[in-house]
Amino acid sequence: MDKIGEVIAYKNYFEDFLKKQPIKVQNKIFKIIEAIETLERIPKS
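Residues numbered from 1 in each chain as written. Predicted model: local features only at pLDDT ≥ 70, side-chain atom pairs only at ≥ 80, totals over all residues. Heavy atoms only, no water.

Asker: Please provide a residue-by-residue account of the overall build of the protein, values included.
Answerer: Each helix and strand in the protein was counted, giving 2 helices and 0 strands. Its C-alpha atoms put the protein at 30 × 25 × 20 Å along the principal axes. Out of the 45 residues belonging to the protein, those deemed buried represent 13%. When the 9 positive and 7 negative side-chain charges of the protein are each reduced to one mean point, those points stand 10 Å apart. (Helix = DSSP H or I, 4+ residues; strand = E, 2+ residues; numbered from the N terminus. Buried < 20%, exposed > 50% of the residue type's maximum accessible area, 1.4 Å probe, protein only. Lys, Arg positive; Asp, Glu negative; His and termini not counted. Charge placed at Lys NZ, Arg CZ, Asp CG, Glu CD.)

Structure below.
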């Protein structure tokens, strides 16, 4: 898929938050970021 957007983390806040999450939650966060970067419109549900 082509990227239509880009998510940029500010300083190290996101990385610190992500490291504290379990692997399953980290994977879900990455899927959401991927959706934000690739989908033109994000589905509501």
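Moving on from the coordinates now.
Asker: Before we move on, could you go through the side chain of Gln26 and cite the residues and values that matter?
Answerer: Residue position: Gln26 is located in helix α2 (residues 23-38). With residues up to four places along the chain from it excluded, the contact list for Gln26 reads Leu18, Lys19 and Gln21. (Contact = heavy atoms within 4.5 Å.)

Asker: Provide a residue-level description of the environment of Ile8, including the pertinent values.
Answerer: Tracing the backbone through its elements, the reader meets Ile8 in the segment before α1 (13-19). Assessed through its relative accessible area of 68%, Ile8 is described here as exposed. In this structure the C-alpha to C-alpha distance between Ile8 and Lys44, which are 36 residues apart in sequence, comes to 22 Å.

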